[in-house]
Structure formats: structure tokens, C-alpha cells
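Observations on the three-dimensional arrangement
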Amino acid sequence: MTIRVGEAAEAPSFQKAAFKLLDDAQLRKNVRHATDVISGKRAIVVKEQQDWQQLRATASAIKQHTLAHLDEYLLKFEAACTAAGGHVHWASDADEANRIIVDLVKQYGGKEVIKVKTMTSDEIGLNKAFEANGIHPHETDLADMIVQLGHDKPSHIVAPALHRNRQQVREIFMREMGLSELTDEPQDLTNAARQYLREKFLKVKIGFSGANYLLADTGGVCVVESEGNGRMCVTLPDILITLAGIEKIIPSFRDLEVFLQLLPRSATGERMNPYNSLWTGVHKGEGPQHFHVVLLDNGRTRILADPEARQTLHCIRCGACLNTCPVYRQTGGHAYGSIYSGPIGAIVTPQLFDMEHSQSLPYASSLCGACYEVCPVKINIPEVLIHLRGRIVREQQSGANIEAIGMKAMARVFSSGRRLEAAQRLGRLGQWPFVSEGWIKHLPGMLGNWTAVRDMRPLPKQSFRSWWREHEKEKKEGADG
Ligand code: SF4
């Protein structure tokens, strides 16, 4: 089985990557500005929604119920979609999904594909699979197009090019579109993108989309977006292929009422998405005449099997937790080494990878709880982070590991007052070569990991216990005297 989350397998640890990115002042400025703007808009439209907390609770309950009956709802969706003229394919992992999709494009004789923004296709590395088979994918979401033309990687789940500013976008467009003149005014940039894409919309015969929601009762698919490119991709081509994670299913059309209020407010600070596209199977003479849905597992059933982490699958990919996270706002998305960044990335990626390649991610959080407060489906991300940290520690303790041995020794010291005092006496003696102007700024060996990122105070001349003893003695002597 090949579980893939973008290129996370090759990525360095979060700490290493973040260290490097923190030096990029322009990137930090871009990320802070963009997340401030989105968070500000979100706060206004959430405040005006009187039943916001009830909506969150309802969405959470719908997700819990659906996951508890996931098998039934997926089969229901398959039956309804097939009855409406669609074809449903099941993919257990990234390789299988890529194979199915590439084969379908080849079967229809396609050499190009127009794509609506879909994180799931980034998760399985679909563009690479297309290119390896001589198929050219065109990203049509403006931000995804900037990332593709800039030979870059997405840094945010809703706004993948959030780390770029207008001047950088202008340079990319001029270089990749062969333009000799272009200003960095938003209207000029979007006009350039529109002209570049218009020809692709009219010419390319195969469309590709993700799904925000799969409706079990009707077999329908729903995609929401702000630019209209999605509407073009799902209506103009002859053939439409949709890739969706199995957690995207909701029981019925009526449930959309809840999610279509929560998602746009949380994602872009809009009351409603400008484009809500819904389609069911195929309709003669209208829209694509061939429709395929690929349902992807790629590690999701493994997450489902863990009752304490299962809530991870509630995510509707709104990005609100990223915008509010004090860690993400400093580092941006690339530090997470995965297409899923920020707090949700810190719990999704390690679980999809079964913790092998991403053990640093659950520590990429201050556990402040801001992500939980804004999450429209009430995912308790701090709770899952602590659960994952526990798993990592238990896995490490099962082997001979210096940190685990160190922790066991510390536990022995801290469990006895006498041992603690002896250790403090030794520490006081051993620390003096490292104390400078009242601070310890460098420690040798493994302890240097601590002082690499923070200074510490030396142990005081007298411990509290010894002060207390002296104090009590003086009191007693005073009373006796
Ligand atoms: S975890 Fe919640 S806040 Fe974060 S992206 Fe998912 S739904 Fe949005």
C-alpha cells in the first residue's frame, strides 16, 4: 500500500524546516498579512450568525453519525450515483487512484485536463502521474495556477499561494505567459489569468474536480468556490472525473444547509460561496456526458479505526485553524512538509503516514486551543495532538532510545525529595562553566538542543526546600529563645 501526502516522505522535520523559513522576512510578512485579512473577515460574518454555535454542534453531530455508518453511506452513494449514469471507482491508496484516473484519461484519448482546486489530487501526487504519462494538467484556480506556474508548492489549504505577494505573482505571470507588460494591480493580474485560462476552458475535453461533499441520498457531488473556474470545469468538458476522500460523504442533500453556512464564513469570510455547483450523474445534452467518481481511502480507514483521533476526519478544509494558529502565522505552510499544513496538517499527515515520516508535526503547536475555538466542525485539535504525542512517546519508549532512558532517570530523580536535592547540588556545581551574566546560553551535547532555541536561568544558590528548612529552624529558635 502506498500512502502518500504530497511529498511529505522526503520533507525534513518541522523544526528544521521552520528554522530556515523564519529567516524569510518577506514570507512572514505575506503570511501574516493574508491570515489577518481572512481572519478579520471571518470574525465579522461569524459574529452576525446568531446560531453559529448550534450550527457547529450540528455539523459535528452529522460528521460523527456519518463516520459511524460510513460503509452504509458510501454504498448508498455508489448505488445512487450509478443509477444516475455515473461510474464509481474505489481506490485503496495513492497509486491505485492515480492508475484509475490516468487510465480513464487515456481511455478517452485525452492529452490535457482542466482541474478545479483539489487538495486530494495533491495528496496523491496526481499531476506528477499525469505528466509521467504525457498528460498536461492545467490548474484553473487562480492560486493553484500561481503555484503551478511558479513551480512552487502550496502553503495553505484554501489559499495555496498565500505566501506570494502581488509583485511576485506579476513576475511569475510575465515569465510563464510570455507577457512583455503587466502591472501588479489585482485587476490586471486577474485579466491576465482569465485570458490564459479562457482558451483552455473552451478547448480541453476532460475536466477534473475534487468534492467538498458527496451526497449519499442522491449520489450527487457538490463543489464550492469563489472564482467560477470550477463551474467551467464541471460543465464545459465532455468528460468529468472527480476524486474524493471517503470522509467527504454526508447523508443527505438537506445536510448541505448546515455546511454551506459554515464553510464560506470560515474559509474566506464570505456569507455564501459565489459558486455552488451540484451535479448528479449525467444528463443527456447537458454538461459532461461521461462522469466518473474515484473514492479514495489512502489511510483514512486507519484514522477511522482510532476512536481518539477519528474526529480528524470531520475536517471540511476551511483553513480557519491555519489563519489563527500562532505557529503557522510565523512559519507559513511549507514548514509542515505536506500539502496539509497548519494545525489540521499537524494531525492529518502523521496519521496518514502512520507516524513514520512526520513525528515532529504533533509538536508544531503551542496547544493554545485557538484552532479548536474557530473550527466550524468542532475538531478538538489540541486533544488529538496530545494523543499523537503520546503515541510517539510510547513508540520511542519501546526501543532503546537515549531520550527515553533520560526521561526514566528524571522520573526516578523527581520521585524522591532526597534524590532531587542531591541532583540539584550536583547541578549547581556542574553549571558554573556555562553561566554568563546570569544566564545559561549554551549547553553541551544533547542538552544543547534546549539552549539552541532558548536561554535559561542557572539553578539558584539555594533551593526552596533548603530555604524552608532554614526558615523553620530560625522560627523555632526564635520561639525557643
Ligand atoms: S480542522 Fe476545522 S478549522 Fe481546520 S481546516 Fe479543518 S474544518 Fe477548518
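Residues numbered from 1 in each chain as written. Predicted model: local features only at pLDDT ≥ 70, side-chain atom pairs only at ≥ 80, totals over all residues. Heavy atoms only, no water.

Let's talk about the overall build of the chain
Looking only at helices and strands, one finds 22 helices and 12 strands in the chain. Principal-axis analysis of the C-alpha atoms places the extent of the chain at approximately 105 × 55 × 50 Å. Burial analysis of the chain (481 residues in total) assigns 49% to the buried set. Contacts spanning at least 24 positions in sequence make up 74% of the contacts within the chain whose residues lie at least 6 apart. The chain carries 58 positive and 55 negative side-chain charges, and their two centres are separated by 6 Å. (Helix = DSSP H or I, 4+ residues; strand = E, 2+ residues; numbered from the N terminus. Buried < 20%, exposed > 50% of the residue type's maximum accessible area, 1.4 Å probe, protein only. Contact = heavy atoms within 4.5 Å. Lys, Arg positive; Asp, Glu negative; His and termini not counted. Charge placed at Lys NZ, Arg CZ, Asp CG, Glu CD.)

What to know about the sheet that holds strand β5 (residues 213–215)
The four strands are arranged β8-β5-β6-β9 in an open sheet whose pairing can be described as mixed. The open sheet terminates on both sides in strands that have one partner only, identified here as β8 (249–250) and β9 (275–280). The sheet contact formed by strand β6 (residues 220–225) and β9 spans six bridges and is antiparallel. If you follow Gly 220 over to β9, its bridge partner there is Thr 280. (Pairing = 2+ DSSP bridges.)

Details of the pairing of strand β2 (residues 112–115)
Here four bridges tie β2 to strand β3 (residues 136–139), and the two strands are oriented parallel to one another. Among the inter-strand pairings, Ile 114 is bridged to a residue of β3, identified as His 138. Note that β2 and strand β4 (residues 206–209) share two bridges and pair parallel. Residue Ile 114 lies in a different strand from β4, and its bridge partner there is Gly 207.

Looking at a nonpolar patch on the surface
A surface patch of nonpolar side chains, about 370 Å² in accessible area, is lined by Phe 464, Trp 467 and Trp 468. When you line up the elements, Trp 468 lands in helix α22 (residues 464–480). Note on Trp 468: relative accessible area 43%, which makes it partly exposed. (Patch = residues over 30% accessible without salt bridge, like charges linked within 9 Å, V, L, I, M, F, W, Y side chains within 5 Å. Areas by Shrake-Rupley, 256 points an atom, 1.4 Å probe, with all protein chains shown as cover. Salt bridge = Lys/Arg side-chain N within 4 Å of Asp/Glu carboxyl O.)

Description of the site of the ligand
For the ligand, the set of nearby residues contains 13 residues, the closest of which are Cys 315, Cys 318, Gly 319, Cys 321 and Cys 375. Looking at the shell around the ligand, its residues break down into 11 nonpolar, one polar and one charged. (Near = heavy atom within 4 Å. Nonpolar A, V, L, I, M, F, W, Y, C, P; charged D, E, K, R; others polar.)

Thoughts on the pattern of salt bridges
For the structure on display, the rule yields 16 salt bridges. For Glu 247, the salt bridge identified is with Arg 300, shortest N-O distance 2.7 Å. Note that Glu 247 is positioned in the loop between β7 (239–245) and β8 and Arg 300 in helix α13 (residues 300–304), a separation of 53 residues in sequence. When its relative accessible area of 4% is taken as the criterion, Arg 300 is described as buried. Residues joined in a network through salt bridges with shared partners are Glu 112, Glu 199, Lys 200 and Lys 203.

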